[in-house]
Amino acid sequence: MTRRKLAAGNWKMNGQAAELAELEALTSTCPTPGVDVLICPPATLIDRMTGLLDRLGASTATGGQDCHSAETGAHTGDIAATMLADAGATYVILGHSERRQDHGESNADVQAKITAAWSADLIAILCIGETEAEYKTGQTLDILHQQLAGSLPDSADAARLVIAYEPVWAIGTGLVPTLDEIAAAHGFIRSALTTRYGADTAQGIRLLYGGSVKPGNATEIFSVPDVDGALVGGASLKASDFSAIITALEAAPAA
Ligand code: PGA
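Residues numbered from 1 in each chain as written. Predicted model: local features only at pLDDT ≥ 70, side-chain atom pairs only at ≥ 80, totals over all residues. Heavy atoms only, no water.

Q: Please clarify how the site of the ligand should be interpreted in this entry.
A: In the neighbourhood of the ligand, 13 residues make up the surrounding shell, with Lys-12, His-96, Glu-166, Gly-172 and Ser-212 lying closest. Ser-212 is positioned with one of its backbone polar atoms (N or O) 2.8 Å from an oxygen atom of the ligand. Contact between the ligand and Gly-233: an oxygen atom at 2.8 Å from a main-chain N or O atom of the residue. Burial of the ligand by the surrounding chains reaches 97%, relative to a free accessible area of 280 Å². Class assignment of the residues belonging to the shell around the ligand gives a composition of four nonpolar, seven polar and two charged. (Near = heavy atom within 4 Å. Polar contact = N/O pair within 3.5 Å; in protein donor to acceptor, adjacent residues only side chain to side chain. Areas by Shrake-Rupley, 256 points an atom, 1.4 Å probe, with all protein chains shown as cover. Nonpolar A, V, L, I, M, F, W, Y, C, P; charged D, E, K, R; others polar.)

Given below as structure tokens:
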């Protein structure tokens, strides 16, 4: 089964209306027939970003960075998956390590959020990855196993699920695992998905690598088997950097 490549930008808590100007540069330099492009801005910008992308005639999708597991209710400051969809989002990042660390999100919380995202017709990007201490003590695959087992719902539609492998120690640090380490993690995730959902579904689920992806290392990361794209933080804030990463993904052989 062919999986469409995906370049996803995570703006995190960066960006106001003025930063939307970056989109014009991104969409003008980047026709991407072979790559799905996604930007997940702060929730305050989703509606305006979607409108601007429509006006620019761009196929770039927008997504949220988190959602609540409930559809409505007394949850001050939270945002429902249906609200993200209503604002124009088609994807949502869930279980990012910054959410797990800053907001104490458990695997069970993340699992409930994925179910809510699917009910709202959103594609869920589930983030998993080991901390530096876990990496140094050789626990990477155990952690991935636990996070997958606890965060994934019992059944899945491959078109609605993306997994991002993001070693916590590689996020925003400039550090990146070796290509062999990325290959081992992605191979492990693919086989865990096969055990969980069967080969047909598992083969259709896109696996992204995330953590210090930059124009200078994108090509070699995209050469790794089972890497179908990237979840990009810092480098997605600058159109020229994100465009270079998209171009590298476009040129990469199918995973
Ligand atoms: P980074 O962030 O590219 O800035 O390392 C990646 C992420 O957290 O998704």
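Q: Just checking my understanding: could you explain the side chain of His-96 for this structure?
A: In this fold, His-96 is placed in the loop between strand S4 (91-94) and helix H4 (97-102). Here His-96 falls in the buried class, since its relative accessible area comes to 4%. One polar contact links the side chain of His-96 to the main-chain amide nitrogen of Glu-98, over a distance of 2.9 Å. Sequence-distant contacts of His-96, that is, excluding residues within four places in its chain, are made with Asn-10, Lys-12, Cys-127, Glu-166 and Ile-171. (Helix = DSSP H or I, 4+ residues; strand = E, 2+ residues; numbered from the N terminus. Buried < 20%, exposed > 50% of the residue type's maximum accessible area, 1.4 Å probe, protein only. Contact = heavy atoms within 4.5 Å.)

Q: Sorry, what's going on with the nonpolar core here?
A: In a soluble, globular protein the nonpolar side chains are often hidden away together inside. By size, the foremost hydrophobic cluster in this structure holds 63 residues, and its most contacted members are Ile-163, Ile-189, Leu-193 and Phe-222. In terms of residue count, the dominant contributor to this core is helix H11 (residues 239-251) (six residues). Non-local contacts of Phe-222, meaning those with residues more than four positions away in its chain, are made with Val-227, Gly-229, Ala-230, Ile-245, Ala-248, Leu-249 and Ala-252. Ala-8, Tyr-91, Ile-93 and Val-162 belong to the second-largest nonpolar core, a separate cluster that totals 14 residues. (Core = buried A, V, L, I, M, F, W, Y, C linked by side-chain atoms within 4.5 Å.)

Q: It is not clear to me how the side chain of Asn-10 should be interpreted in this structure. Could you clarify?
A: Within the secondary structure layout, Asn-10 lies in strand S1 (residues 5-10). Looking at Asn-10, its side chain comes within polar contact range of the main-chain nitrogen of Lys-12, at 3.0 Å.

Q: Sorry if this is basic, but what is going on with the layout of surface pockets here?
A: One water molecule sets the probe size; rolling that probe over the atoms shows where empty space is left. By volume, the largest pocket is sized at about 500 Å³. By residue number, the principal contributor to the lining of the largest pocket is H4, which donates three residues. Looking at side-chain class alone, the lining of the largest pocket contains seven nonpolar, six polar and six charged residues. (1 Å grid on protein atoms, 1.4 Å probe; cavity = no way out; pocket = protein on both sides within 12 Å on 5 of 7 lines; lining within 4 Å. Points joined across faces, edges and corners; volume = space filled by probe spheres on them.)

Q: Any chance you could explain the sheet that holds strand S6 (residues 161-165) here in plain terms?
A: Spatially, eight strands are ordered S1-S2-S3-S4-S5-S6-S7-S8 in a closed barrel, and the strand pairing comes out parallel. Direction aside, the axes of adjacent strands within the sheet are offset by 25° on average. As judged from the five bridges shared by strand S5 (residues 123-128) and S6, these two strands associate in the parallel manner. Following the sheet pairing, Ile-125 is matched in S6 by Val-162. Contacts from H11 reach S1, strand S2 (35-40) and strand S8 (229-232), with the element oriented near 165° to S1. (Pairing = 2+ DSSP bridges. Axes fitted to C-alpha atoms, helices over the stretch in contact; angles between N-to-C directions.)

Q: What exactly am I supposed to notice about the pairing of S6 here?
A: Every regular strand shows the same layout, with side chains that alternate between the two sheet faces. Of all five residues in S6, five are buried; the element is thus mostly enclosed. Along S6, one buried face is formed by Leu-161, Ile-163 and Tyr-165 and the opposite face, lined by Val-162 and Ala-164, is buried too. Relative to strand S7 (residues 206-210), S6 runs parallel, the two sharing four bridges. Of the residues in S7, the one forming a bridge with Ile-163 is Leu-207.

Q: Looking at this structure, how should I read empty space enclosed by the protein?
A: In the structure shown here, the tally under the stated rule is one cavity of 30 Å³ or more. In this structure, the largest cavity occupies an estimated 30 Å³ of space. Looking at the lining of the largest cavity element by element, the count peaks at three residues for helix H1 (residues 21-29). By residue class, the composition of the lining of the largest cavity is six nonpolar, one polar and one charged.

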